[in-house]
Amino acid sequence: MTANLQTLHQLVSIRQAKVGVVGLGYVGLPVACMLAEAGFRVTGLDIKQERIDMINAGISPVEGKEPGLAELLERVVQNGKLNATTDFITLSDADIILIDVETPIDENNIPQYRALKAACKSLSAVVRNGALVIVESTIAPGTMERVVRPLLEEVSGKKSGQDFFLGACPERVMPGKLLANLQSMSRVCGGDTPEVAEVMVNFYRHIVQADLDQADLITAELTKTAENAYRDVNIAFANELAKICQSVGADFLKVRTLVNKSPGRNVLMAGAGVGGHCIPKDPWLLAYGAEGNVDLRLIPAARYVNDSMPEHLVSILENAFAGLGKPLEGSKIAVLGYAYLEESDDIRNSPSETLVNLLDAKNVEVVVQDPYVHGYQQSVLDSLEGCDAAIVMVAHQAYREFDLNDAKVRLRTPILIDGRRVIDPQKAVDAGLHYFGLGLGSTSKER
Ligand code: SAJ
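Keep in mind that what you see is a predicted model, and the values were worked out from it rather than measured. (Residues numbered from 1 in each chain as written. Predicted model: local features only at pLDDT ≥ 70, side-chain atom pairs only at ≥ 80, totals over all residues. Heavy atoms only, no water.)

> Tell me what's going on with the nonpolar core, and back it up with residues and numbers.
Residues Leu82, Phe203 and Tyr204 are the most contacted members of the largest nonpolar core, which totals 49 residues. It is helix H2 (residues 28-37) that contributes the most residues to this core, seven residues altogether. What Tyr204 contacts, discounting residues up to four positions off in sequence, is Leu98, Ile134, Glu136, Cys169, Arg187, Cys189 and Leu212. (Core = buried A, V, L, I, M, F, W, Y, C linked by side-chain atoms within 4.5 Å. Buried < 20%, exposed > 50% of the residue type's maximum accessible area, 1.4 Å probe, protein only. Helix = DSSP H or I, 4+ residues; strand = E, 2+ residues; numbered from the N terminus. Contact = heavy atoms within 4.5 Å.)

> Hey, could you go over the site of the ligand for me, with residue numbers and the actual values?
Taken together, the neighbourhood of the ligand is formed by 17 residues, with Met174, Asn228, Arg231, Met269 and Tyr340 sitting nearest. Within the side chain of Asn228, one N or O atom sits 2.5 Å away from an oxygen atom of the ligand. Burial of the ligand by the surrounding chains reaches 84%, relative to a free accessible area of 740 Å². Taken together, the residues that form the shell around the ligand break down as 10 nonpolar, three polar and four charged. (Near = heavy atom within 4 Å. Polar contact = N/O pair within 3.5 Å; in protein donor to acceptor, adjacent residues only side chain to side chain. Areas by Shrake-Rupley, 256 points an atom, 1.4 Å probe, with all protein chains shown as cover. Nonpolar A, V, L, I, M, F, W, Y, C, P; charged D, E, K, R; others polar.)

> Provide a residue-level description of H2, including the pertinent values.
Extensive coverage of H2 is indicated by the burial of nine of its 10 residues. When we look at burial in H2, the residues that qualify are Gly28, Leu29, Pro30, Val31, Ala32, Cys33, Met34, Leu35 and Ala36. Among the residues trailing H2, Gly39 stands out with phi positive, at a value near 115°.

> An account of empty space enclosed by the protein is requested, with residue identities and associated values reported.
On inspection of all chains with the given rule, the structure shows one cavity of 30 Å³ or more. Approximately 30 Å³ is the volume attributed to the largest cavity. Together, Pro170, Arg172, Arg187, Val188, Ala220, Thr223 and Lys224 line the largest cavity. Every element with two or more residues in the lining of the largest cavity is listed here: strand E7 (187-191) and helix H9 (217-248). No other element matches the three residues that H9 contributes to the lining of the largest cavity. For the lining of the largest cavity, the residue count by class is three nonpolar, one polar and three charged. (1 Å grid on protein atoms, 1.4 Å probe; cavity = no way out; pocket = protein on both sides within 12 Å on 5 of 7 lines; lining within 4 Å. Points joined across faces, edges and corners; volume = space filled by probe spheres on them.)

> Outline the environment of Gly439, listing residues and values.
Mapped onto the elements, Gly439 comes out in the segment after strand E13 (434-437). The spatial distance from the C-alpha of Gly439 to the C-alpha of Asn306 is 14 Å, given a sequence separation of 133 residues. Residues contacting Gly439, with those up to four places away along its chain left out, are Ala242, Cys245, Gln246, Ala250, Asp251, Phe252 and Arg421.

> Which residues make up the side chain of Arg187, and what values go with them?
Looking at the secondary structure, you find Arg187 in strand E7. For Arg187, a relative accessible area of 2% gives the class buried. A distance of 2.8 Å separates the side chain of Arg187 from the backbone oxygen of Cys169, its partner in a polar contact. Discounting residues that sit within four places of it in the chain, Arg187 has contacts with Glu136, Cys169, Pro170, Glu171, Arg172, Leu182, Tyr204, Val208, Asp211, Leu212 and Asp213.

Here it is, written out as structure tokens:
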């Protein structure tokens with residue numbers, strides 16, 4: 001191990017390494033707090049002054065319920081272990097710098113690295129000799145080689161691997177469980193060299209209680225994007241199977257249960273769509289990393305299937321109206337659920353947004369209800385008042401519990417489309433509702 005790296009290794013072991021975290025969002029802030037709690041001196045860096053001011057006042061700018069984060073932040077700011085700034089020069093004496101900036105994709109599913117490039121350029125002007133730069137953002141395979149290393153070398157004039165070191169350790173956090181996941185989820189420590197990976201394991205061991213697996217840079221990039229592409233493909237299979245079941249008069253839930261009795265099968269849940277900040281994006285990052293050298297069919301197709309689910313629900317709705325000889329245009333529809341995930345207030349890439357846009361385009365009046373999302377928190381039954389149909393888009397518990405008989409009274413036309421299969425079809429029919437469940441064939445609900 002080079003002298004520089006050996007020194008860093010020792011500083012990390014005794015928690016004397018100075019840490020910088022670039023990007024204080026829902027990934028960077030919790031990791032900065034946990035490293036400060038572990039005893040490191042941490043400087044957080046962000047471009048938003050109001051976020052910096054909140055953090056330095058010990059107030060968490062992260063929205064939503066994050067157990068323990070607000071208290072932890074207040075503690076580490078008060079004890080002087082964490083401070084925040086907009087000024088990169090403060091990182092000039094940092095030994096380890098984590099980069100946690102957004103890596104979105106554009107409308108053509110191409111990664112947008114504006115924030116990553118800006119962070120690398122600013123960092124390269126101040127990075128000290130012997131420092132270790134670790135990218136925690138989820139990035140397309142090959143990004144460390146094609147984007148991060150060149151930018152850090154060009155502006156600094158330094159040589160990676162001897163003047164400074166490179167690592168990739170993709171985050172595996174989930175909104176609502178940020179601190180718990182950071183502690184309990186295993187992580188891949190992708191080092192430019194095995195010795196760098198070894199120092200990374202030593203570093204993350206101070207906050208991660210799960211496996212820390214050494215790997216190289218490309219393996220770390222591939223692992224994170226592949227694990228989410230894997231989930232997307234599996235959800236797409238469930239969705240396509242649901243469409244088949246519906247078309248042949250079967251019930252997806254029954255077929256799924258029976259298939260999953262077979263060893264090694266685990267059909268996921270068909271649903272109204274795939275939202276969030278990870279699953280819709282990471283398959284495209286993986287695909288981009290293949291650089292066009294692979295004739296990708298499955299990963300893009302899975303994205304197409306999952307993105308088609310809101311439209312599929314609109315087709316079910318149109319069939320329901322046709323069955324009653326009613327026009328969809330000019331009707332009023334209640335959309336139950338706007339978050340992308342059950343029991344969450346997170347609306348990023350929500351399938352409900354897609355559905356609402358589709359209904360708007362058909363001159364349908366839309367009423368949105370969501371117990372977790374500001375502005376949509378009227379009662380379920382009140383949201384049904386005078387509507388010609390209700391569409392369940394999210395598996396919130398509230399949609400498993402509302403009174404179906406009351407719903408029948410409130411609805412002007414008693415159509416219920418269950419995009420998450422949270423309602424018992426027979427109970428809905430018994431309450432006098434025209435029930436249409438995703439993956440439930442028209443003939444099967446009477447059996
Ligand atoms: N979804 C389905 N059917 C399923 C599972 C999910 O339609 O069977 C939909 C959800 O409704 C949602 C979207 O997919 O709209 C994503 O759901 P998710 O359960 O994957 O939750 P996320 O987006 O929070 O994914 C995160 C990911 N974690 C990280 O990126 C660190 C993912 O890797 C995890 O597998 C997932 O949490 C998890 O298991 O909770």
